Amino acid sequence: MDNGSGVGVLDKAALVLTALEAGPATLAGLVAGTGLARPTAHRLAVALEHHRLVARDMQGRFVLGPRLAELSAAAGEDRLLATAGPVLARLRDITGESAQLWRRQGDVRVCVAAAERPSGLRDTIPVGSQLTMRAGSAAQVLLAWEDPERMHRGLQNAAFSAAALSGIRRRGWAQSVGEREQGVASVSAPVRSPSGKIIAAVSVSGPLERLSRQPGRMHAPAVLAAAERLSESLRRAAATDAV
């Protein structure tokens, strides 16, 4: 095999994924596109499907699977985190509240970066904290643009409704008051990858007595601006890589 790595099964799996890069393929199409024997192509495609690297479309054809998009998003995480520190610090200074960056991991959301309010009453969330996807403005943002099936599952036992998520998609930000914790309010906005996929949520959070029962009125513009700065940094990095 030309340009083989010396690990035959991986080389053949790579052939299958490369063939699917051109679009959906039947088993016969995979055989033609890879030059593999039919049983081998079928066995590899099914194994890759098990790991969500390959999926099937409505016609039963093989297509690239959702795990590839997840891995691609993760590959950009270092760039996101490198940019997040200054952006969150600026957001904290503008709003006077603690700021966080959240990413979804399965049924939880994880705080991957934070800038804490230096003193006074504050909502302290250490980096690495895992919180529910059933409550809070960041959870709403991370769920609002999901595909219908994942959104439906995520809404089960959630503190918010499908109508609330629809409103978030229209205005571009979310707020919560006492959803995750009594006496705490927050505002969140989405961070988008260069392809437009929601990959993270920027938030500010603090005591209800400061943020009020309409925290979005106070802080949505600043949170939206921070999210856009992070999204723009990823777009610039992708454009630089493409040159």
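Right, let's walk through the structure included here. Throughout, a residue's number is its position along its own chain's written sequence, starting from 1. Totals for whole chains, interfaces and linings use all residues, but because this is a predicted model, local features are given only for residues with pLDDT of at least 70 and pairs of side-chain atoms are given and counted only at 80 or more. Each side-chain value is derived from all of the structure's non-hydrogen atoms; neither hydrogens nor water enter the calculation.

Examining the overall build of the protein chain
Okay, so step 1: Numbering of helices and strands runs from the N terminus, with a helix taken as a DSSP run of H or I at least four residues long and a strand as a DSSP run of E at least two residues long. Each helix and strand counted, the protein chain has 10 helices and 8 strands in total.
Okay, so step 2: For the protein chain, the spread of C-alpha atoms along the principal axes amounts to about 70 × 40 × 30 Å.
Okay, so step 3: Each residue is placed in one exposure class: buried if its accessible area under a 1.4 Å probe, protein chains only, is under 20% of its type's maximum, exposed if it is over 50%, and partly exposed if it falls in between. Here the protein chain, with 243 residues, has 42% of them falling under the buried criterion.
Okay, so step 4: Pairs at least 24 apart in sequence give 54% of the contacts found in the protein chain among residues at least 6 apart.
Okay, so step 5: Per-residue accessibility takes into account occlusion by the displayed protein chains alone, with areas from the Shrake-Rupley method and a 1.4 Å probe. Accessible surface, the protein chain as shown: approximately 12500 Å² in total, 53% of it carbon and sulfur. Contacts are assigned to residue pairs with any non-hydrogen atoms lying within 4.5 Å of each other.

Some points on the packing of aromatic side chains
Okay, so step 1: Here the aromatic set is Phe, Tyr and Trp, taking the six-membered ring for Trp, and pairing holds for ring centres within 6.5 Å; pairs whose planes are under 30 degrees apart are stacked, those over 60 apart are edge-to-face, and all others are tilted. A full pass over the atoms with the stated rule returns 0 aromatic pairs.
Okay, so step 2: Geometrically, a charge over a ring is one whose NZ (Lys) or CZ (Arg) sits within 6 Å of the ring centre while staying within 35 degrees of the ring normal. Over the ring of tryptophan 102 we find arginine 109; its NZ or CZ atom is 4.6 Å from the centre of that ring.
Okay, so step 3: Residue placement shows arginine 171 over the ring face of tryptophan 173; its charged tip is 4.5 Å from the ring centre.

Focus: the pairing of strand β3 (residues 98-105)
Okay, so step 1: For β3, the buried fraction is high: 6 of the 8 residues fall into the buried class.
Okay, so step 2: Only strands joined by at least two bridges in the DSSP assignment are considered to pair. Looking at chain direction, β3 and strand β8 (residues 198-207) are connected through 5 bridges and run antiparallel. Bridge pairing in β8 links tryptophan 102 to alanine 201.
Okay, so step 3: With 7 bridges joining them, β3 and strand β4 (residues 108-115) adopt antiparallel strand pairing.

A few points about empty space enclosed by the protein
Okay, so step 1: Only protein atoms enter the 1 Å grid used here. Points where a 1.4 Å probe fits but cannot escape make up a cavity, open sets with protein on both sides within 12 Å along at least five of seven lines make up a pocket, and a residue lines them when an atom lies within 4 Å of a point. Grid points are joined across faces, edges and corners, and a volume is the space filled by probe spheres set on the points. Counted by the stated rule, this structure contains 1 cavity of 30 Å³ or more.
Okay, so step 2: Volume-wise, the largest cavity comes out at about 100 Å³.
Okay, so step 3: If you trace the largest cavity, you find 18 residues lining it, with Arg109, Ser137, Arg180, Ser186 and Ser205 closest to the centre.
Okay, so step 4: Here the element with the most residues in the lining of the largest cavity is strand β7 (residues 184-192); it accounts for 3 residues.

Re the side chain of threonine 95
Okay, so step 1: Among the structural elements, threonine 95 can be located in helix α5 (residues 77-95).
Okay, so step 2: Within the structure, threonine 95 has its side chain in polar contact with the backbone oxygen of leucine 91 (distance 2.8 Å).
Okay, so step 3: Apart from the residues lying within four places of it in its own chain, the contact partners of threonine 95 are Val204, His219 and Ala222. N or O atoms within 3.5 Å of each other form a polar contact, as long as, within protein, one can give a hydrogen and the other can take it, and as long as residues adjacent in sequence are counted only when both atoms are side-chain atoms.

Let's talk about helix α7 (residues 148-155)
Okay, so step 1: Of the positions making up α7, those classed as buried are Met151, Gly154 and Leu155. The buried residues of α7 occupy an angular sector of 95 degrees when the element is viewed end-on, so they sit on one face. Exposed side of α7, more than 90 degrees from the buried face: Glu149 and His152 are the residues found there.
Okay, so step 2: Those residues of α7 hidden inside the fold are in contact with α6 (137-144) and α8 (162-171).
Okay, so step 3: Downstream of α7 by one or two residues, asparagine 157 has phi in the positive range, about 65 degrees. The arc in question is the one spanned by the directions pointing from the helix axis to the C-beta atoms.

Function cannot be read off these values alone, since they describe shape.
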